[in-house]
Amino acid sequence: FFFIFLLLLFCTMKIEEVQSTTKTARVSAHTHVKGLGLDAKTGAASPVGAGLVGQERAREACGIVVDLIRSRKMAGRALLLAGAPGTGKTALALGIAQELGPKVPFCPMVGSEVFSSEVKKTEVLMEHFRRAIGLRIRESKEVYEGEVTELTVEETEDPLGGYGRTVSHVVIGLKTTKGTKTLRLDPTIHDSLTKEGVSVGDVIYIEANSGAVKRVGRSDSYATEFDLEAEEYVPIPKGDVHKKKEVVQDVTLHDLDVANARPQGGKDVMSLMAAMGKPRKTEITDKLRTEINRVVNRYIDQGVAELVPGVLFVDEVHMLDIECFTYLNRSLESTLSPIVVFATNRGVCKIRGTEVVAPHGVPVDLLDRMLIVRTMPYSHEEMVQIISIRASVEDIELEDEALKALGDIGAKTSLRYAVQMLTPSRIMAETCGRTKIATSDVKEVDTLFFDGKASALLLAKSEGYMQ
């Protein structure tokens, strides 16, 4: 009977692989941009590189700006990317962000974001300025790390009386490759040990300052205990049990502003209700920012922290008004200022809020502070290459003739319209039972939808309402 029971047990038992719960990144307009595509030695731009096509001179200019940012010699400077719509201005700014890496703050915004009914325009600008300035804080922590060899909970009688017993202290033995150490821990750390599920044979580390406990995994000396186990086995830590570790933390000045601006209320119900009832967007005063700047400067002088000037990218800069431009003049001259990259597709137009006409809709005194990079329209061959890159990013298969047809449509209308036709063309091909997009699919989609230029021509023929 016992053997039959085991046989039935093995027949019914299933081992299933758990599907990953990590979010799959959505494909956006600039997912394919991985950098500026420059040669590491010469700094020259290749015709196709890192997802960018063409615009060699503009990419090389942006490469020089990246080097200036890395050397931290371009604080408070401004760069203007000027060119026709759909020539890759935003892609260049994202290329700069990718080249700088995740450690350098990159804060994108649109010119129209400053117009809020809750907060002043200058406050929104200053908030984004502070988001684009990073602070790297180095902190040394004392850590006890090792494999748990002993875990004893010492209990005493409850001082309040009764039959219960309370934890007086915890005795824990830790072992590394260099030696062992027995520690006597506070009873409050016992809760952390219980939460982490620490037992003998686990590798843990305890922070001496905060008393935080982290279970790293099971010691690999226990790896041969079972044939199948869900544990993660880690090697025994090297060095001494008691170590001093340097922890590097990256924060922005805006994070410090928000942390200090939020009033620290009590823990009672009324305080919580009052905090919930307040408007979420609050203005941070100049007095608070000055105080934070003073503390930051002191940290920098002591060598505890290091300032990392990042990049503030302002798209559609012509949407800002004269008050914002005046404020930008002052902010760019500040000691704590990031590198500002502006982008616009306007030629000579009025400065918002005035009747003055200026190049790019930007006052001349602010234009004097900028390095201007021009982006050129794409050729037919470059459009075909860009559409091909976008198709590979979106996992879309095209026939060569269909790709050429899309390039022709892009040259006749716009690159954005041609790229937007990819997904409808794939749906059309799948409806016909094909995996590859054919020229017939592209032509059919082109007849179903209108581009901006075609729509404008139709409207030009009709007066007032559409006919």
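A quick note: this is a predicted structure, and the numbers were derived from the prediction, not measured. (Residues numbered from 1 in each chain as written. Predicted model: local features only at pLDDT ≥ 70, side-chain atom pairs only at ≥ 80, totals over all residues. Heavy atoms only, no water.)

Caption draft 1: The arrangement of the overall build of the protein chain in detail. Across its full length, the protein chain holds 16 helices and 19 strands. The 467 residues of the protein chain split such that 39% are buried. For the protein chain, the exposed surface amounts to about 28,600 Å²; the carbon and sulfur share of it is 55%. (Helix = DSSP H or I, 4+ residues; strand = E, 2+ residues; numbered from the N terminus. Buried < 20%, exposed > 50% of the residue type's maximum accessible area, 1.4 Å probe, protein only. Areas by Shrake-Rupley, 256 points an atom, 1.4 Å probe, with all protein chains shown as cover.)

Caption draft 2: Expanded view of the pairing of strand 7 (residues 180–185). In this structure, strand 6 (residues 165–175) lies alongside strand 7, joined through 6 bridges in antiparallel fashion. Its bridge partner lying in strand 7, Leu174 is registered against Lys181. Remark: 4 residues form the turn of the hairpin made by strand 6 and strand 7, two consecutive strands paired antiparallel. (Pairing = 2+ DSSP bridges.)

Caption draft 3: Geometry of the packing of aromatic side chains. Taken as a whole and assessed by the stated rule, the structure comprises 1 aromatic pair. Centre to centre, the rings of Phe106 and Phe313 are 6.4 Å apart; their planes meet at 20°, and the pair counts as stacked. Of this pair, Phe106 sits in strand 4 (residues 106–110) while Phe313 sits in strand 13 (residues 311–315); the two residues are 207 residues apart in sequence, bridging distant segments of the chain. Look at Phe106 and you get partly exposed, because its relative accessible area is 23%. (Phe/Tyr/Trp six-rings, centres within 6.5 Å; stacked < 30°, edge-to-face > 60°.)

Caption draft 4: View of the pattern of salt bridges. One pass over the full model with this rule turns up 17 salt bridges. Put simply, Lys350 and Glu355 hold a salt bridge, and the shortest N to O gap is 2.8 Å. Given a relative accessible area of 64%, Glu355 falls into the exposed group. In this structure, Asp408 and Lys404 form a salt bridge, with 4.0 Å as the shortest nitrogen-oxygen distance. Of this pair, Asp408 and Lys404 both sit in helix 12 (residues 400–412), 4 residues apart, which is roughly one turn of that helix. The class for Asp408 is partly exposed, based on a relative accessible area of 35%. (Salt bridge = Lys/Arg side-chain N within 4 Å of Asp/Glu carboxyl O.)

Caption draft 5: Seen up close, helix 14 (residues 422–431). When helix 14 is considered as a whole, its buried residues turn out to be Leu422, Ser425, Met428 and Ala429. Viewed along the axis of helix 14, the buried residues span an arc of 125°, placing them on a single side of the element. Buried residues in helix 14 make contact with helix 11 (380–393), strand 18 (397–398), helix 12, helix 13 (415–420), strand 19 (436–437) and helix 15 (439–448). Looking at the residues trailing helix 14, positive phi occurs at Gly433, about 85°. (Arc of directions from axis to C-beta. Contact = heavy atoms within 4.5 Å.)

Caption draft 6: Molecular detail of the sheet that holds strand 17 (residues 370–375). One open sheet accounts for 5 strands, arranged 4-13-14-3-17; its pairing is parallel. Of all strands in the sheet, those with a lone pairing partner are strand 4 and strand 17, marking the two edges. Pairs of neighbouring strands in the sheet enclose a mean axial angle of 20°, with direction left out of account. Where strand 13 meets strand 14 (residues 339–344), 4 bridges bridge the pair, whose relative direction is parallel. When the sheet's bridge partners are listed, Val314 is paired in strand 14 with Phe342. Packing of helix 2 (residues 56–70) onto the sheet brings it into contact with strand 3 (78–83), strand 13, strand 14 and strand 17, and relative to strand 17 it is tilted by some 150°. (Axes fitted to C-alpha atoms, helices over the stretch in contact; angles between N-to-C directions.)

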